[in-house]
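Structure at a glance
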Amino acid sequence: MKKSVLVLALGLLAAPLTTQASVVEKEVSSKRVVENSVKVVIDNYVKATGGETKMKSVRNMEMNMQAEIQGMQLIMSGVTDQENQRMVNVTEMNGNVVSKTVVKDGAGSVSAMGQEQVLTDEQVADVLKNQVYLFRELYLEELGITVIYDGTEEVEGEQAYKLSFQAGGDANTTEYYSVASGLKLQTESKVAGTIVYKDYKEVDGLMMPMTMIIKNSMIPMPLEAKITSIKFNQDLDDSVFN
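What comes next is a walk through the structure.

A few words on the overall build of the chain. The number of helices and strands found in the chain is five helices and 13 strands. Looking at the 242 residues of the chain, the share that counts as buried comes to 43%. A total accessible area of about 13300 Å² is found for the chain, and carbon and sulfur atoms account for 49% of it.

Written as C-alpha cells, this is what we have:
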C-alpha cells in the first residue's frame, strides 16, 4: 500500500519514374494530412476548453482532490505555478502526510515515509514538461515536443483522437481527445499509467474535469479521485513550496 501511494505522488529502383513520383506525392500528401490532423485536434481541444487567450492567461492553479482506497481516505492537493516554474504536490492518508513532491529553482525532491529522494535533472525536466505547464498543448514548440497523430480509438465508450506526445524519456505521453466534444478524455504514460478525465464543468471560463480515474499496475484497483476545488491565478507565498 505504501508503494502504491508513492506511485500516486509520483506516452511511424526498378520502378518507372512516374511511379516513383506518384509515391512521393502520396507520402507528402499523407504527411500533410497527419500534420493537419494534429493541428485540428489540438485546435478543437483548445476551443472546447475555453480558448487560447483564456488558457494562456492562467499563471498558476491550486487543485484539491479526494479519493478512497481500501477504506482509507486520500487527500491530494497541488499547486502548479507555471509563471515561476515550480510546483508542489502533497498526498495525505487518514490525515497523515505520506508523500510530498516539490520542484522549484530547477531542482526537485520527493519525500515519502520519512525518506527523501532528490530528483535528477532529467526527472525535473520531465516534471516541467508534463506538470508545470498547465495546458502544454499551447507550448509544444517551446517545450521541444513532437506530436504524432495515431488515428482514433474508443475511450470509455466514446470515439477519441489519439495523439502521441514525444517529449523524451518518461515525459512521453499518449493523449486522447473526444471526437464529439474536443475535450481531453485520457492520458497514458509510463510513470502515471492511465488517467481518465470525466465530469467536465466550467471553472472561471475553463472546462475542467471534476473526476479523474487513475489506473496503474502498482495499485490494486482503479482509483477514482473527485476534484473538490480548483482556483486559478492566486497570490502564492513562497512558503507554499518549502
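Once you've had a look at it, read on.
Sheet analysis places strand E3 (residues 86–93) next to strand E4 (residues 96–104), joined by seven bridges and oriented antiparallel. Note on E4: the bridge partner recorded for Met87 is Val103. The hairpin turn running from E3 into E4, its antiparallel successor, is two residues long, and Asn94 in that turn takes a positive phi close to 50°. In this structure, the hairpin formed by E4 and strand E5 (residues 107–112) is closed by a connection of two residues, where Asp105 is found at a positive phi of approximately 55°.

What follows concerns the nonpolar core. Within the largest apolar cluster, 43 residues are counted, with the highest numbers of intra-cluster contacts made by Met63, Phe135, Leu163, Met208, Leu223, Ile230 and Phe232. Contributions of two or more residues to this core are made by helix H2 (17–49), strand E1 (60–69), strand E2 (72–81), helix H5 (140–143), strand E8 (158–166), strand E11 (193–203), strand E12 (206–215) and strand E13 (223–232). Setting aside residues up to four positions removed in sequence, Phe135 forms contacts with Tyr45, Thr49, Met55, Val58, Leu206 and Met208.

Let's shift gears to helix H4 (residues 121–132). Within the sequence span of H4, burial applies to Val124, Asp126, Val127, Lys129 and Val132. Against E2, E3, E4, E5 and H5 lie the buried residues of H4.

Here we come to the pattern of salt bridges. Side chains that differ in charge, positive against negative, can pair when their charged atoms come close. Taken as a whole and judged by the stated rule, the model has 13 salt bridges. Across the salt bridge formed by Lys184 and Glu137, the nearest N and O atoms sit 2.9 Å from each other. One end of the pair, Lys184, is in strand E10 (residues 184–189); the other, Glu137, is in the loop between H4 and H5, with 47 residues separating them in the sequence. One salt bridge connects Lys162 with Glu153, and the closest N-O pair in it is separated by 3.2 Å. For Glu153, a relative accessible area of 34% gives the class partly exposed. One network of salt bridges, with partners in common, ties together Arg136, Glu137, Glu175 and Lys184.

Thresholds, definitions, all that
Sequence positions are assigned chain by chain, starting from 1 and proceeding in written order. Thresholds applied to this predicted model are a pLDDT of at least 70 for local features of residues and 80 or more for the giving and counting of side-chain atom pairs; totals over whole chains, interfaces and linings are not thresholded and use all residues. Side-chain measures here rest on the full set of heavy atoms in the structure, leaving out hydrogens and waters. Runs of H or I in DSSP of at least four residues are treated as helices and runs of E of at least two as strands, each being numbered from the N terminus. Exposure classes here rest on a 1.4 Å probe applied to the protein chains alone. A residue is buried below 20% of its type maximum, exposed above 50%, and partly exposed in between. Surface accessibility in these figures is a Shrake-Rupley result with a 1.4 Å probe; residues are shielded only by whichever protein chains are displayed. Whether two strands pair comes down to DSSP finding at least two bridges between them. What makes a nonpolar core is a set of buried Ala, Val, Leu, Ile, Met, Phe, Trp, Tyr and Cys residues whose side-chain atoms join them at distances within 4.5 Å. Should any heavy atoms of two residues lie within 4.5 Å, those residues are considered in contact. Each salt bridge in this description consists of a side-chain nitrogen of Lys or Arg and a carboxyl oxygen of Asp or Glu lying within 4 Å of one another.

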